[in-house]
Amino acid sequence: MLFQEASVNTFNYMLLGFSAILGIMALFLISLVVRFRNLCRDLEQLEGNDVNERT
Amino acid sequence: MLDATPSMEAIEQPAVINRGSRFSGYLRAISAIVWKDLTAELRSRELLSAMLVFALLVILIFNFALELDIRTRETVTSGVLWVTFAFSGTLGLNRSMAVEKDRGCLDGLLLAPVDRSALYFGKALGNLIFMLIVEAIVLPVYSVLYDVNLFRPGLMAVILLGSVGYVAVGTLLSTMAVQARTRDVLLPILLFPVVLPVLVAALRACNGFLQGFEMVEIWPWINLLIAYDVIFIAVAFMVFDYVVEE
Amino acid sequence: MEPIPKTLKALNWITSALLVVALYLVLFYAPREAVMGDVQRVFYFHVSVGWVGGLAFLVTAIAGGVYLARGDHRWDQIALASVEIGLFFTLANIISGSVWARPIWNTWWTWDPRLVTASVMELVYIAYLLLRQGVEDPDRRARFGAVYSIVGFISVPITFLSIRIFRTIHPVVIGSGDPAAMGSLNMDPKMRVAFFFSLFTFTLIYVTLLWHRLRLQRLAERVEQAKRKVLSA
């Protein structure tokens, strides 16, 4: 990949760099959301069981 | 959690509870641990033989992995040596602590009425001695195999400093690793990222001595090694209690 | 599940808004750098993300220390939450550093002290998590984590120093520029604004994410408790 003028060709790299940073942050957020949902669901199930056993 | 007070000494010598006797009790504890490890090893020789065979095998592999011809030999020697020491050192650290845990010696040592850090210094000193013994054998073997004179005082001083740093951190981390499920695999993973400065500094300093660099180029590395050793011995001393609590 | 506190909700909005502003500043407001071109803009976020990684690690070490001193397991929760954030952000730092290096020095990797130290720090974080995974007893797990995070944190600047010395004694010439200049740009005022605003924004992002992750941790522990209750019933 030849580059003649730095100021023209580095645009793609800039996009790559930003997508990497924002993408990784988004991944973390998504993992948080997914884990929250799973845990909430687990908690509901478990506390539902608890109530069922008492009744 | 066990309370480390010298109560037993108090019962035996009620009038002699002063700084002096407590400190000499401390030293006696350390030397007792070192002596125990040395004599056990003398009888079974399993630790040293394992470390030694492993070290020699690593050097053998390097012989085929790298083109150790006369010219490249000089530049590559310190790297080969330190990789060898680092890996066989891990073996030694693992075994040393595993033996304590498996035979239940750890609990016995913890019951002793002496500061926990004596256990750390005792084990660390033992580990250091074993590592130095292996190095003392590897150096002449390497010298003969590759016709390189490794017996320069500067080089040996660096190997000593590096081993001290390696063992200081390694003993602390192996105490933790041995109590985990993933025992053997865990120690290198924990140790190598943290001990990297030691390896870099020792490597570059050894290389400097081998290639006859000016001392002014080597001093920064030696200073780094000394600083690392001091810092991490202090840190290990301070946190060791938390690592052996029951 | 406990409802999201008002402050956190506000933080969510504020942080998102700040990020948008930061993106504008970095992509449009800051002038294009003469030598490196557009890819230099990555630098603003690259440094901020690296800063968050280091901050997260520092928080973990301090929280670990406080846990050892006081035994209050909430400090351990903070330590664990911070490590995850640090792991992701340091990874972002390493990758963005690599992407930045490629067009400038024509290589995907430079043995620059900062890049190498970030990688070593990442390895320490990963080792931290592996250590915790391997220990059954929760109290011991927390204690070991604390000890290792302290040892690791102290070793990182020493690692940086050792590689810095390595580079000054054995400078490695990659391409035309001096790799040690990575990050030491002469910044004009607009660049400075973008730079410091990014730093501030990402610090706030760290705090917000830490809070969220902490809540997740507390929820996870509630679930664990509920599981044990159901199993023992």
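Residues numbered from 1 in each chain as written. Chains lettered and ligands numbered in written order. Predicted model: local features only at pLDDT ≥ 70, side-chain atom pairs only at ≥ 80, totals over all residues.

1. Considering the packing of helix α3 (residues 46-65) of chain B against helix α4 (residues 70-102) of chain B
All names here are of chain B. Here α3 crosses α4 at 155°, and the two axes come no closer than 9 Å. By the angle between their directions, the pair α3 and α4 is classed as roughly antiparallel. The handedness of the crossing between α3 and α4 comes out as right-handed. Contacts between α3 and α4 involve L47, A50, M51, F54, A55, V58, I59 and F62 on the former and, on the latter, V80, V83, T84, F87, S88, L91, G92, R95 and S96. Grouping the amino acids of the contact of α3 with α4 by side-chain chemistry returns 12 nonpolar, 4 polar and 1 charged. (Axes fitted to C-alpha atoms, helices over the stretch in contact; angles between N-to-C directions. Helix = DSSP H or I, 4+ residues; strand = E, 2+ residues; numbered from the N terminus. Parallel < 35°, antiparallel > 145°, perpendicular 65-115°, else oblique. Left-handed = near helix turned anticlockwise from the far one by under 90°. Contact = placed C-beta atoms within 7 Å. Nonpolar A, V, L, I, M, F, W, Y, C, P; charged D, E, K, R; others polar.)

2. Brief notes about the interface of chain C and chain A
On the chain A side, the residues contacting the 32 residues of chain C number 28 residues. Going through the elements one at a time, α2 (42-70), α3 (73-105) and α6 (189-232) of chain C are the ones with two or more residues in the side of chain C that touches chain A. For the side of chain C that touches chain A, the leading source of residues is α6 of chain C, giving 11 residues. Class assignment for the residues of the side of chain C that touches chain A results in 21 nonpolar, 3 polar and 8 charged.

3. Some words on helix α1 (residues 6-29) of chain C
Residues and elements named next belong to chain C. Taking 1.5 Å of rise per residue, 24 residues should cover 34 Å, and α1 covers 33 Å from first to last C-alpha, within 8% of that figure. When α1 is considered as a whole, its buried residues turn out to be A22, L25 and V26. At its buried positions, α1 is contacted by α2 and α6. (Expected span 1.5 Å × (residues − 1). Buried ≥ 20, exposed ≤ 12 C-beta atoms within 10 Å, placed from the backbone.)

4. Some remarks on α4 of chain B
Residue and element names in this part refer to chain B. The terminal C-alpha atoms of α4, which comprises 33 residues, lie 47 Å apart, in line with the 48 Å expected from a rise of 1.5 Å per residue. The sharpest bend along α4 reaches about 55° and sits at V76. Phi for G104, located one or two positions after α4, is positive at around 75°. (Bend = angle between axes of the 7 residues up to and from the residue.)

5. A closer look at the interface of chain B and chain C
Opposite the 26 residues of chain B that make contact, chain C presents 28 residues. Elements represented by at least two residues in the side of chain B that touches chain C include exactly α7 (153-177), α8 (183-210) and α9 (215-244) of chain B. Take the side of chain B that touches chain C: its biggest share by element is 10 residues, from α8 of chain B.

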